[in-house]
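# Coordinate inspection notes
The lines below spell out each chain.
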Amino acid sequence: PAPRKSLKRDVSTENFNSHEEKPRFLDEKKDDKFSRTASVDSIKDVTNENERLKKRVQELEQVLHGSKNFATSNETAVKDDEQARDSKIPYHSEVHGCIEILSVDDNEVNHMVVENILTPRGFKITTCMSGVEALELLESRSYLPDLILLDCMMPIMSGFEVCQTLRRKHPQNALPIIMVSARSGDEDIVRGLSLGCNDYITKPFSAGELNARIDVQLKIRELWRSEIQKLGGW
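Attention in this report is confined to the structure presented alongside it. Note that the structure is a prediction, hence the values are computed from the model and not measured. (Residues numbered from 1 in each chain as written. Predicted model: local features only at pLDDT ≥ 70, side-chain atom pairs only at ≥ 80, totals over all residues. Heavy atoms only, no water.)

### Details of the sheet that holds strand 5 (residues 199-202)
- If you trace the 5 strands from one edge of the open sheet to the other, you get 2-1-3-4-5, paired in parallel fashion. Here the strands that pair on one side only, and so sit at the sheet edges, are strand 2 (124-128) and strand 5. Taking the axes of each pair of neighbouring strands and ignoring which way they run, one obtains an average angle of 20° across the sheet.
- Here strand 1 (residues 100-104) runs beside strand 3 (residues 147-151); their pairing, made up of 4 bridges, is parallel. When the sheet's bridge partners are listed, V104 is paired in strand 3 with L150.
- Sitting on the sheet, helix 3 (residues 108-118) is in contact with strand 1, strand 2 and strand 3, with an inclination near 170° to strand 2.
- Where helix 4 (residues 131-140) meets the sheet, it contacts strand 1, strand 2 and strand 3, and its direction lies at approximately 125° from that of strand 2. (Pairing = 2+ DSSP bridges. Helix = DSSP H or I, 4+ residues; strand = E, 2+ residues; numbered from the N terminus. Axes fitted to C-alpha atoms, helices over the stretch in contact; angles between N-to-C directions. Contact = heavy atoms within 4.5 Å.)

### Points about the pattern of salt bridges
- Applying the stated criterion across every chain yields a total of 11 salt bridges.
- In this structure, D199 engages R213 in a salt bridge whose closest nitrogen and oxygen atoms are separated by 2.9 Å. Of the two residues, D199 sits in strand 5 while R213 sits in helix 7 (residues 207-230), which places them 14 residues apart along the sequence.
- Look at R213 and you get partly exposed, because its relative accessible area is 25%.
- Taken together, the shared-partner salt bridges connect D105, D151 and K203 into one network. (Salt bridge = Lys/Arg side-chain N within 4 Å of Asp/Glu carboxyl O. Buried < 20%, exposed > 50% of the residue type's maximum accessible area, 1.4 Å probe, protein only.)

### Structural notes on the state of the cysteines
- Applying the stated criterion across every chain yields a total of 0 disulfides.
- Of all cysteine sulfurs in the structure, the one in C197 sits closest to C152, which takes part in no disulfide; the separation is 7.4 Å. (Disulfide = S-S within 2.5 Å.)

### Structural notes on the environment of S130
- With respect to the helices and strands, S130 occurs in the loop between strand 2 and helix 4.
- Sequence spacing of S130 and S158 is 28 residues, and the spatial spacing of their C-alpha atoms is 8.5 Å.
- Apart from residues no more than four positions distant in its own chain, S130 is found in contact with V104 and M154.
- In this structure the side chain of S130 is engaged in a polar contact, spanning 3.1 Å, whose partner is the backbone nitrogen of E133. (Polar contact = N/O pair within 3.5 Å; in protein donor to acceptor, adjacent residues only side chain to side chain.)

Pasting the structure below:
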């Protein structure tokens, strides 16, 4: 009988061309080597890019630091101008002879509560049902309300947004704003104060508390105006 032909392949003697299948282990070695090389190159690229970005950040920080110093001095000058300007805008009490409280709330019942507490003191209560209505009212006037009671949660424009908008034009000392809300969480109180309200009162409140807080803010406002007048801002 004829000897059986060996089925074992001699890879060393095989001639591989583009049309013949190459041993898989050779491709795997080649791919592995390429992968390691590519990984090293990628790491180098990322490292270099990080270094470049760090340098750029340092450059920007230096520029920003210089800009902050300039901006701080400029903002101080602008704030002084605003306070001097607002000290010349009369209040309702100076024009019409009685203190006006502007109540901004989307709930009519809340307006009634404020009126019942403050009207007996001779205060004039002007009501607005939205933040937009309040801003339009203030824009149409040549004088300011003596104080604003501003509800936090209103549709379309929240009390926080109204307060922020007003503070772009009127500093805290010139226009007292007491924010009123049923939300008593620290987050809401901090947010209101950081946006420029003078005080924050939570519902339900007593007549004594509301009157006391209003009196404090009106007293602070009068002291501020008195100091401005002494400095020649009037």
